[in-house]
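# Structural overview for review
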Amino acid sequence: MWRNTVGFSSKLLAASKSSSSLRLPLLHHGAVTRSTSTAAGSGPESTEAAGSVKLGFSSGSPGSSAVDLSSFAAAASVLKSRDVVDFAKHYGRCYWELSKARLSMLVVATSGAGYVLGSGSAIDYMGLCCTCAGTMMVAASANTLNQVFEVKNDAKMNRTKRRPLPSGRISIPHAVTWAASSGIVGTALLASKANMLAAGLGASNLVLYAFVYTPLKQIHPINTWVGAIVGAIPPLLGWAAASGQVSLNGLLLPAALYFWQIPHFMALAYLCRKDYADGGFKMFSLADASGQRTAAVALRNCLYLLPLGYLAYDWGLTSGWFCLESTLLALAISCTAVSFYLNRTTKDARRMFHASLLYLPVFMSGLLVHRVTESEQQMTIENSIKIVEMSSSLESTEGSQENRKKQSVGGGQRRPPVSYASVAPFPFLPAPSYATP
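Residues numbered from 1 in each chain as written. Predicted model: local features only at pLDDT ≥ 70, side-chain atom pairs only at ≥ 80, totals over all residues. Heavy atoms only, no water.

Leu-253, Tyr-276, Leu-305, Tyr-359, Phe-363 and Leu-367 are the most contacted members of the largest nonpolar core, which totals 47 residues. Mapped by element, the contributors of at least two residues to this core are α5 (101–119), α11 (223–243), α12 (252–271), α14 (292–303), α15 (308–314), α16 (320–343) and α17 (346–369). Among the elements that make up this core, the one with the highest residue count is α12 (twelve residues). Split by domain, the residues of this core number at least three in each of domain 1 (88–246) and domain 2 (248–375). With residues up to four places along the chain from it excluded, the contact list for Phe-363 reads Leu-253, Ala-256, Phe-322, Ser-326 and Leu-329. Within the second largest apolar cluster, 25 residues are counted, among which are Val-108, Ala-142, Ala-210 and Leu-237. (Core = buried A, V, L, I, M, F, W, Y, C linked by side-chain atoms within 4.5 Å. Buried < 20%, exposed > 50% of the residue type's maximum accessible area, 1.4 Å probe, protein only. Helix = DSSP H or I, 4+ residues; strand = E, 2+ residues; numbered from the N terminus. Domains from an automatic or database assignment. Contact = heavy atoms within 4.5 Å.)

Turning to the UniProt feature "transmembrane region" (unreviewed entry) in the protein, a few remarks are in order. Per the UniProt record, "transmembrane region" (unreviewed entry) is found at residues 103–119, 125–149, 170–190, 196–213, 225–242, 248–272, 293–313 and 319–342. With 100% helix and 0% strand, the stretch residues 103–119 has end C-alpha atoms that lie 25 Å from each other. Here residues 319–342 runs as 96% helix and 0% strand, with 35 Å between its end C-alpha atoms. (UniProt positions renumbered as here; feature names shortened; annotations may be inferred.)

Together, Phe-149, Val-207, Phe-211 and Val-212 make up an exposed nonpolar region whose accessible area comes to about 340 Å². Mapped onto the fold, Phe-149 is located in helix α6 (residues 125–149). Phe-149 sits in the partly exposed class, given a relative accessible area of 38%. (Patch = residues over 30% accessible without salt bridge, like charges linked within 9 Å, V, L, I, M, F, W, Y side chains within 5 Å. Areas by Shrake-Rupley, 256 points an atom, 1.4 Å probe, with all protein chains shown as cover. Salt bridge = Lys/Arg side-chain N within 4 Å of Asp/Glu carboxyl O.)

Scanning the entire structure with this criterion turns up twelve aromatic pairs. Over the ring of Phe-281 we find Lys-217; its NZ or CZ atom is 4.8 Å from the centre of that ring. Just above the ring of Tyr-270 sits the side chain of Arg-273; from NZ or CZ to the centre is 4.0 Å. (Phe/Tyr/Trp six-rings, centres within 6.5 Å; stacked < 30°, edge-to-face > 60°. Lys NZ or Arg CZ within 6 Å of the ring centre and 35° of its normal.)

Relative to the helices and strands, Leu-145 is located in helix α6. Leu-145 sits in the buried class, given a relative accessible area of 13%. With residues up to four places along the chain from it excluded, the contact list for Leu-145 reads Ala-179, Leu-206, Ala-210 and Phe-211.

The next thing to look at is the environment of Phe-265. Assignment of secondary structure puts Phe-265 in helix α12. Under the relative-accessibility criterion, Phe-265 is labelled partly exposed at 30%. Sequence-wise, Phe-265 and Phe-353 are 88 residues apart; in three dimensions their C-alpha atoms are separated by 8.1 Å.

Set out below in structure tokens:
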């Protein structure tokens, strides 16, 4: 009986021998104990089992010989669930960091704003959700490929050396698989739930970011302007997903994103000059020791933001209130750029960076709050046409009344007098008086 119990225990534990984390915690549950000495009265069978694993025996109850399989199974299931949770937490964290989730959510916000602006009076919320989900996947893929290509550079920078790839928390093939799968699924979602134009914009933006902007960072400072184009495409993608076309009104928010990114990244590049130099990146601020050119570029692009509010109002995209709000907002960020241009200190660069973080959400919120739908635009056009028609009818009425007055004033002179119409030999006759009919 004892030999059979030990043999069953050994077979049961052999299946779980591969996981050391599965055996050790079982000691605390009273399911597994190890015998280091022979039991009294056990004879040679007890000696043979010394040092082997025994199940179902607890100290103080030597007469017990039942195997508590239910306790063992419960402990194993608890450990397996813990392993699954730890596994999910580890890779979930890695995927979150590879995708640069916070940056990707900002991209999704700009795409969603473009979708709402391009929807007109009726918003397809299911289409909005699918567009945002597809944009998130494409952005996650692009950011992951960016880190795959820059893993050696990131390992040299304090700001990025704790990312999943430089720290070794995930392998490069695993990251590439994640990037490929998320990019393909995101593009397919945009193509099936939005339209091919939106899917094409998403795919082209992925290629532009991962295969053009990323290598340019180590080649030429023009990478900042290429990156600004990458950031300007998502709102255009949202507009195209909603309207199915690219129109002049749809370029307003992308223009704001493009001009906004220049001072934003110039401030960041100025603040992180040492890190970028250690990583081997060719940023514009590294070739500008005084920082004057960096500040001038930032100020110039801040000034480009000033007319956008008026253009949005003039093109019928928003009401007049947005024109005022956008102008004040652009003046505020321009003031921080002027301060940075005059002083060129880390404090002023950080102030301009914080102002850029505030500018974008306020600008997009104003666009959405004060937007004018197509029905409202049509009503405005019809009202203006009616006003023009009424003014023209009033003018014609006034003109006809004046003509009548002139005719009534000169009514007695409609027939020329005989004295003026007659000829000799009767020029001396008086002019007759005509009675008006």
